[in-house]
Amino acid sequence: LNTLLEGKGKVVSVEEKPQFRRKYRITVTGGSEDRISLVYYIYTDNEDYMKILQPGALFGFKGQFVMFTPLNSKRTLYIFDLLLEEGAALVE
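The rules behind the values
Residues numbered from 1 in each chain as written. Predicted model: local features only at pLDDT ≥ 70, side-chain atom pairs only at ≥ 80, totals over all residues. Heavy atoms only, no water. Helix = DSSP H or I, 4+ residues; strand = E, 2+ residues; numbered from the N terminus. Rg over C-alpha atoms; globule rule 2.2 N^0.38 Å. Buried < 20%, exposed > 50% of the residue type's maximum accessible area, 1.4 Å probe, protein only. Contact = heavy atoms within 4.5 Å. Areas by Shrake-Rupley, 256 points an atom, 1.4 Å probe, with all protein chains shown as cover. Lys, Arg positive; Asp, Glu negative; His and termini not counted. Charge placed at Lys NZ, Arg CZ, Asp CG, Glu CD.

### Thoughts on the overall build of the protein chain
- When you go through the protein chain residue by residue, the secondary structure sums to one helix and five strands.
- Listing each helix as α and each strand as β along the protein chain from the N terminus yields β-β-β-α-β-β.
- In terms of C-alpha radius of gyration, the protein chain reaches 12 Å, essentially the compact-globule figure of 12 Å for 92 residues.
- The principal-axis extent of the C-alpha atoms belonging to the protein chain is close to 35 × 30 × 20 Å.
- By the burial criterion, 34% of the 92 residues in the protein chain qualify as buried.
- Sequence separation of 24 or more characterises 53% of the internal contacts of the protein chain that already satisfy a separation of 6 or more.
- Approximately 5,900 Å² of the protein chain is accessible, and the part contributed by carbon and sulfur atoms is 49%.
- When the 12 basic and 12 acidic side-chain charges of the protein chain are each reduced to a single mean position, those positions are 6 Å apart.

See below:
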């Protein structure tokens, strides 16, 4: 926690959901080689992401890791909450 985390994944949604003193939430899904599925809730104040990102787009990001929540007892699905430092839509 409280470290910088880098990742990439597919955008699920971009919506106005204030939390952590940020106005917008970008929801991204991803995973790793360890068969762990991740949902990233990435918070930002930059309204441009509402216009740029579409569901299904590949998004690369770096942000401050502030909280995680396991979603099952097997600990194979997590939500990671991040405060966006920098991010970009990636070309596949």
